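As a plain string of letters, each chain reads:
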Amino acid sequence: MMQVIGSYTSPFVRKVRVALIEHKLPFDFREETPYTADTPVRDFNPLVKVPAFVDANGETWFDSALILAVLETQKPEGSGSLLPQDPMAQLQVRRLETLADGIGDAGVLMFMEKKRDESEQSLGWITRQQEKVDNGLAFFERYLNERLDKDFLHDFDGGLGLSTADIALVCVLEWYTLRFNADWRKQYPRLAEYARQIGERESFVTTKPPGA
Ligand SMILES: N[C@@H](CCC(=O)N[C@@H](CS)C(=O)NCC(=O)O)C(=O)O
């Protein structure tokens, strides 16, 4: 049985859970935090980050984008894809996924910094991460506005109706909203409507982080 190692709150772990559900692949969820000194996460990922993933052949993988690409090779026969077959189209989707993941990376760094004692926090560091989040959201708002006729970031033949980039973006948007009580929807209405629509899919509804 495939196994996901991670937390229920991480947007990166949620990506993997959403993709598995979209592909109708059964899996075990092993709940672990990477932040304790004796965390078993290091046995699966030398970088001591979640998600880690054990595939159908018992091989271990880490990094959500890589895990989603692995799943494309292990999905049930006939199941739709989350990545286009065409190499250049696939790279274009992965570029958008990288940007969404980068928003998540900046958000996590900012969150960790804000958890430190106030006297130890660096305002410059927080501002730097916030700029990455803001630029990323503005990029996606523009991107969606330029694709007026399309609901999703990238449609392609043989797809499941969404891509790995859509999964990454909606997971990070919902995480950011929850963690920072962030009110970005008025500023980015197109992005808000897009996230609302995708968030209605069963794979998103059943993986909502605690408190959402
Ligand atoms: N690029 C990684 C990022 C994973 C990541 O940063 N996960 C966080 C939890 S949300 C983590 O495990 N952090 C622990 C650490 O950085 O030490 C991915 O996409 O899987």
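Residues numbered from 1 in each chain as written. Predicted model: local features only at pLDDT ≥ 70, side-chain atom pairs only at ≥ 80, totals over all residues. Heavy atoms only, no water.

Asks: Would you mind going over the pattern of salt bridges in detail, with residue names and values included?
Replies: The final tally for this structure, using the stated rule, is 11 salt bridges. Close ionic contact of Glu22 with Arg201 constitutes a salt bridge, the shortest N to O distance being 2.9 Å. Within this pair, whereas Glu22 is found in helix 1 (residues 11-22), its partner Arg201 is found in the loop between helix 6 (189-199) and helix 7 (202-205), the two being separated by 179 residues in sequence. The exposure class of Arg201 is partly exposed, given its relative accessible area of 22%. One network of salt bridges, in which partners are shared, links Arg14, Glu174 and Lys208. (Salt bridge = Lys/Arg side-chain N within 4 Å of Asp/Glu carboxyl O. Helix = DSSP H or I, 4+ residues; strand = E, 2+ residues; numbered from the N terminus. Buried < 20%, exposed > 50% of the residue type's maximum accessible area, 1.4 Å probe, protein only.)

Asks: Requested: an account of the sheet that holds strand 2 (residues 27-31), with residues and values cited.
Replies: Taking strand neighbours across the sheet as the criterion, the 4 strands line up as 2-1-3-4 in an open arrangement whose pairing is mixed. This sheet does not close on itself; its edge strands, each paired only once, are strand 2 and strand 4 (60-62). Going across the sheet, the axis of each strand differs from the next one's by a mean of 20°, ignoring polarity. Here 5 bridges tie strand 1 (residues 2-6) to strand 2, and the two strands are oriented parallel to one another. Residue pairing across strands places Val4 opposite Phe29, the latter belonging to strand 2. (Pairing = 2+ DSSP bridges. Axes fitted to C-alpha atoms, helices over the stretch in contact; angles between N-to-C directions.)

Asks: Can you lay out the domain arrangement of the protein chain for me, pointing to particular residues and giving the numbers?
Replies: One can read the domain layout of the protein chain as domain 1 (2-74) and domain 2 (87-205). Between the C-alpha centres of domain 1 and domain 2 the distance comes to 20 Å. Contacts between domain 1 and domain 2 engage 15 residues on the former and 20 residues on the latter. Summed over both sides, the interface between domain 1 and domain 2 buries roughly 1500 Å², with carbon and sulfur atoms accounting for 64% of that surface. Applying the counting rule to domain 1 against domain 2 returns 4 salt bridges. The salt bridge partner of Lys15 is Asp101, with a shortest N-O separation of 2.9 Å. Linking domain 1 with domain 2 are 6 residue pairs in polar contact (both at pLDDT 80 or more). For the side of domain 1 that touches domain 2, the secondary structure elements donating two or more residues are helix 1 and helix 2 (64-74). (Domains from an automatic or database assignment. Contact = heavy atoms within 4.5 Å. Buried area = accessible area lost by both parts, 1.4 Å probe. Polar contact = N/O pair within 3.5 Å; in protein donor to acceptor, adjacent residues only side chain to side chain.)

Asks: Let's hear about the site of the ligand: which residues, and what values?
Replies: Around the ligand, the neighbouring residues are Ser10, Phe12, Pro34, Tyr35, Val48, Lys49, Val50, Pro51, Asp63, Ser64 and Asp105. One of the side-chain nitrogen or oxygen atoms of Tyr35 is found 3.1 Å away from a nitrogen atom of the ligand. Contacts to the ligand include Ser64, whose side-chain N or O atom sits 2.6 Å from an oxygen atom. Here the ligand loses 81% of its free accessible area of 510 Å² to cover by the protein chains. Residue composition of the shell around the ligand, grouped by class: 6 nonpolar, 2 polar and 3 charged. (Near = heavy atom within 4 Å. Areas by Shrake-Rupley, 256 points an atom, 1.4 Å probe, with all protein chains shown as cover. Nonpolar A, V, L, I, M, F, W, Y, C, P; charged D, E, K, R; others polar.)

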